[in-house]
Amino acid sequence: MFSNKKRAKTLHLRGQDLSKGEPIAPPLVTSSMFHLPGDPAGHAGYGRVDNPTWEVLEHLLSHLEDAPCVAFPSGMAAISAALFATVKAGDRVLIPSDGYYVTRVLAQEFLSGLGVEIIEKRTLDYDLDDMSSYQVVFIETPSNPGLDLCDLAGVTARVRSAGGVSIVDNTTMTPLGQRPLDLGADIVVASDTKAPGGHSDLLMGHVATRDETLFGRVVSWRKMSGAIPGPQAAWLLHRGLETLDVRFDRMCQSALEIATAFEGHKNLISIRYPGLPDDPGHLIASQQMSTFGFLITMTLKNESAAERFISGCKFLRPATSFGGVHSSAERRARWGDDVPAGYVRLSVGCEPVSALLDDILNSLSSI
Ligand SMILES: *Cc1c(COP(=O)(O)O)cnc(C)c1O
């Protein structure tokens, strides 16, 4: 787990290495060119390859992941890099059928045409598979939006012993809530657009791996594909990461309180939150996560009940995406997810929980 000492160091990582007169907050460098007379070796050369603001960000991400990290302009850019750095023609690639849908569409549309076979399974079924017939296994736990979990240590161990590569999308938990590399994963990918940025004003992502060869391929992919982060977004994400610990802590504590208050509510058909003792994922969540996250899903009786619930909350933004300081919610069926029409994903933000809970319970009781 991520110790309190490491949490404290997150805020002093840059400061501890500064020379006299250097700024405490990192400078935002937008230059595409660098002063480079003569032999270029060992110096920043060109903005698609080097950027001092990315370097500051990657230093902090690497501290959080305890592994070398490469920053990307979005979560999908990071996922693309991880897949294109690992998959080759003839491979069988396992993708969750109930995970983030764009990952699935990317694999189906762009990998299957290159002689790669894409196999889809539900996250729950990952625990039942011996993983011996895949070269690359993509894992998402808790899955978005179903919040089903699989046993990370077990699945990644089976992938590794069969000679495959495991990639874990850790977006829903962040490195503070779950540590897939410590549980045996080869690669972690994440959308930093969500809780790490935290203010809904940037898109970013990253890849983390302790495998030197894979790391080199991901760096090369960024250089060749040109999928590079904008320096402003990288700078903003660095700022966001400095408060991730307090925001994430507040969000997860509030989510547990809200989910507990929802249990058995007459206007809810069902609710999923891994922190509830009778949630199907509770046991494995307690073993592999240090907290239960800030996402709650609930099923209301139909589309209009769900829409009335969302629009009846003053302190909920009706919006897609999650992980912001402001709580938000949406009906996932509007994007075609394989869920009931009244299925709502709620992302708990940083509002004082008593006010948020009052607001949400009022709306839920009056639909
Ligand atoms: C949002 C999300 C992504 C994609 O991230 P972007 O930053 O929008 O590209 C990938 N995986 C999961 C689980 C997500 O929630």
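Residues numbered from 1 in each chain as written. Predicted model: local features only at pLDDT ≥ 70, side-chain atom pairs only at ≥ 80, totals over all residues. Heavy atoms only, no water.

### Things to note about the domain arrangement of the protein chain
For the protein chain, the domain assignment lists domain 1 (4-241) and domain 2 (244-366). The C-alpha centroid of domain 2 is placed 26 Å from the C-alpha centroid of domain 1. With 31 residues of domain 1 at the interface, the matching set in domain 2 holds 31 residues. Together domain 1 and domain 2 conceal approximately 2,500 Å² of surface at their shared face, both sides included; 60% is due to carbon and sulfur atoms. Area buried by domain 1 at its contact with domain 2 is led by P145, L147 and L149, which between them contribute 23% of it. Between the two partners, domain 1 and domain 2, sit two salt bridges. Note that R272 is salt-bridged to D148, the shortest N-O span being 3.0 Å. Our count for the domain 1 to domain 2 interface comes out at 16 residue pairs in polar contact (both at pLDDT 80 or more). (Domains from an automatic or database assignment. Contact = heavy atoms within 4.5 Å. Buried area = accessible area lost by both parts, 1.4 Å probe. Salt bridge = Lys/Arg side-chain N within 4 Å of Asp/Glu carboxyl O. Polar contact = N/O pair within 3.5 Å; in protein donor to acceptor, adjacent residues only side chain to side chain.)

### Notes on the packing of aromatic side chains
Applying the stated criterion across every chain yields a total of four aromatic pairs. Ring geometry for Y100 against Y101: centres 5.8 Å apart, planes inclined by 55°, an arrangement best described as tilted. Judged by its relative accessible area of 26%, Y100 is partly exposed. Exposure remark for Y101: the relative accessible area of 28% places this residue in the partly exposed category. Through a chain of ring-to-ring contacts, three or more aromatic side chains come together here, namely F248, F294 and F322. Positioned above the aromatic ring of F315, the side-chain terminus of K314 is 5.7 Å from the ring centre. (Phe/Tyr/Trp six-rings, centres within 6.5 Å; stacked < 30°, edge-to-face > 60°. Buried < 20%, exposed > 50% of the residue type's maximum accessible area, 1.4 Å probe, protein only. Lys NZ or Arg CZ within 6 Å of the ring centre and 35° of its normal.)

### Focus: the nonpolar core
Counting residues in hydrophobic clusters, the biggest one holds 35 residues, and the most contacted among them are L57, M204, L241, F248 and F294. The set of elements that each furnish at least two residues to this core consists of α2 (52-65), β1 (69-72), α8 (231-242), α9 (244-262) and α10 (282-288). Looking at this core, the element that brings in the most residues is α2, giving five residues. When residues of this core are assigned to domains, at least three map to each of domain 1 (4-241) and domain 2 (244-366). (Core = buried A, V, L, I, M, F, W, Y, C linked by side-chain atoms within 4.5 Å. Helix = DSSP H or I, 4+ residues; strand = E, 2+ residues; numbered from the N terminus.)

### Considering the site of the ligand
Of all residues adjacent to the ligand, which total 14 residues, the nearest are G75, D169, S191, T193 and K194. In this structure, an oxygen atom belonging to the ligand sits 2.8 Å away from a main-chain N or O atom of M76. One nitrogen or oxygen atom from the side chain of N144 is found 3.2 Å from an oxygen atom belonging to the ligand. Notes on the ligand: free accessible area 390 Å², of which the protein chains cover 93%. A molecule is said to occupy a pocket when more than half its atoms come within 2 Å of that pocket's grid points, and by this definition the ligand occupies the largest pocket. Here the shell around the ligand gets three residues from one element, more than from any other, and that element is helix α3 (residues 75-86). (Near = heavy atom within 4 Å. Areas by Shrake-Rupley, 256 points an atom, 1.4 Å probe, with all protein chains shown as cover. 1 Å grid on protein atoms, 1.4 Å probe; cavity = no way out; pocket = protein on both sides within 12 Å on 5 of 7 lines; lining within 4 Å. Sits in = over half its atoms within 2 Å of the grid points.)

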